[in-house]
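# Survey of secondary and tertiary structure
Okay, here's what each chain looks like letter by letter:
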Amino acid sequence: MSALFEGPDGLARCRWCGGAPEFLDYHDREWGFPVAQDTRLFEKLCLESFQSGLSWRTILNKREGFRAAFDGFDFYKVAQYGAADVDRLLGDAAIVRHRGKIAAVINNAARAVEMVEAEGTLAAFFWRYEPRPEELGPPQTQSTSQSSIALARELKRRGWKFLGPTTIFAFMQAMGLINDHAEGCSLRAKAVEARTGFQPP
């Protein structure tokens, strides 16, 4: 089966973005483009943890609900959440109501605050784990890498939760630490260009 999908404009794209109408804009504007903003990096980690056992379509369709529920993923605010906030979130139909994942986001927000204090920024820490080219096979042929395994292990050591190597690899794909756009995808070259002009923190 081809790794490509022809979009409504006739341009080739990664096959997965043809799976649902809302995937197209996400693929074209976000996925695989480098990110250095701490709030966006934290948001993506949280959404990836919520996706565990679910489809990305479910999470993407609820993303604005998640942003509203978690104060725009301002981790300084989320780190202060208490029992009343957990009850509020468990009653919010705009998000995935899973007590363990909600608790993990609150825990991870506190760990993010600690990381900023220790490392300067989340971005400075995460970009340290950008995979080396020799770790990676052809696009979209793997779900983990040496770097995603190492990063997941280090996050666990620092007390982060619900973030295993596969989840971390998906985070790396989405946040541009890896350009995993398929060969022949019309966005692959744009992701390369964006990465060329990007200075890792």
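Keep in mind it's a predicted model, so treat the numbers as computed, not measured. (Residues numbered from 1 in each chain as written. Predicted model: local features only at pLDDT ≥ 70, side-chain atom pairs only at ≥ 80, totals over all residues. Heavy atoms only, no water.)

Our next topic: the overall build of the chain. For the chain, the count of helices and strands is eleven helices and two strands. For the chain, the N- to C-terminal ordering of α and β elements is β-β-α-α-α-α-α-α-α-α-α-α-α. In summary, the chain has a C-alpha radius of gyration of 17 Å against a globular reference of 17 Å for 201 residues, a match within 12%. In terms of principal-axis extent, the alpha carbons of the chain reach across some 50 × 35 × 25 Å. Across the 201 residues that make up the chain, the buried fraction comes to 48%. Restricting the contact set of the chain to residue pairs at least 6 apart, pairs at least 24 apart contribute 63%. Accessible surface, the chain as shown: approximately 9600 Å² in total, 52% of it carbon and sulfur. Side chains of the chain give 25 positive and 25 negative charges; the mean places of these two sets differ by 4 Å. (Helix = DSSP H or I, 4+ residues; strand = E, 2+ residues; numbered from the N terminus. Rg over C-alpha atoms; globule rule 2.2 N^0.38 Å. Buried < 20%, exposed > 50% of the residue type's maximum accessible area, 1.4 Å probe, protein only. Contact = heavy atoms within 4.5 Å. Areas by Shrake-Rupley, 256 points an atom, 1.4 Å probe, with all protein chains shown as cover. Lys, Arg positive; Asp, Glu negative; His and termini not counted. Charge placed at Lys NZ, Arg CZ, Asp CG, Glu CD.)

Attention now goes to empty space enclosed by the protein. Tallied over the full model, the rule gives one cavity of 30 Å³ or more. Taken as a whole, the largest cavity spans an internal volume of roughly 60 Å³. Along its surface, the largest cavity is lined by Tyr 26, Glu 30, Arg 40, Glu 43, Lys 44, Leu 47, Arg 63, Arg 67 and Met 175. For the lining of the largest cavity, the elements supplying multiple residues, two or more each, are helix H2 (38-51) and helix H4 (63-69). The greatest single-element share of the lining of the largest cavity, amounting to four residues, is contributed by H2. Split into classes, the residues belonging to the lining of the largest cavity amount to three nonpolar, no polar and six charged. (1 Å grid on protein atoms, 1.4 Å probe; cavity = no way out; pocket = protein on both sides within 12 Å on 5 of 7 lines; lining within 4 Å. Points joined across faces, edges and corners; volume = space filled by probe spheres on them. Nonpolar A, V, L, I, M, F, W, Y, C, P; charged D, E, K, R; others polar.)

Think of two packed helices as two axes; the pair is described by the angle between the axes and how far apart they sit. The interhelical angle for the contact between helix H9 (residues 146-157) and helix H10 (residues 165-174), taken along N-to-C directions, is 115 degrees, at an axis separation of 8 Å. Judged on the interaxial angle alone, H10 and H9 are roughly perpendicular. The element H9 and its partner H10 pack so that their crossing is right-handed. Here H9 contributes Ser 147, Ser 148, Ile 149, Leu 151, Ala 152 and Leu 155 to the contact with H10, which in turn contributes Pro 165, Ile 168, Phe 169 and Met 172. For the contact of H9 with H10, the per-class residue count stands at eight nonpolar, two polar and no charged. (Axes fitted to C-alpha atoms, helices over the stretch in contact; angles between N-to-C directions. Parallel < 35°, antiparallel > 145°, perpendicular 65-115°, else oblique. Left-handed = near helix turned anticlockwise from the far one by under 90°.)

Where helix H6 (residues 83-90) meets helix H7 (residues 99-119), the closest approach of the two axes is 10 Å, and the angle between their N-to-C directions is 135 degrees. Compared by their axis directions, H6 and H7 come out oblique. Crossing geometry of H6 relative to H7 is assigned as right-handed. Only Arg 99, Ile 102 and Ile 106 of H7 make contact with H6, whose side of the interface consists of Val 86, Leu 89 and Leu 90. Here the residues of the contact of H6 with H7 sort into five nonpolar, no polar and one charged.

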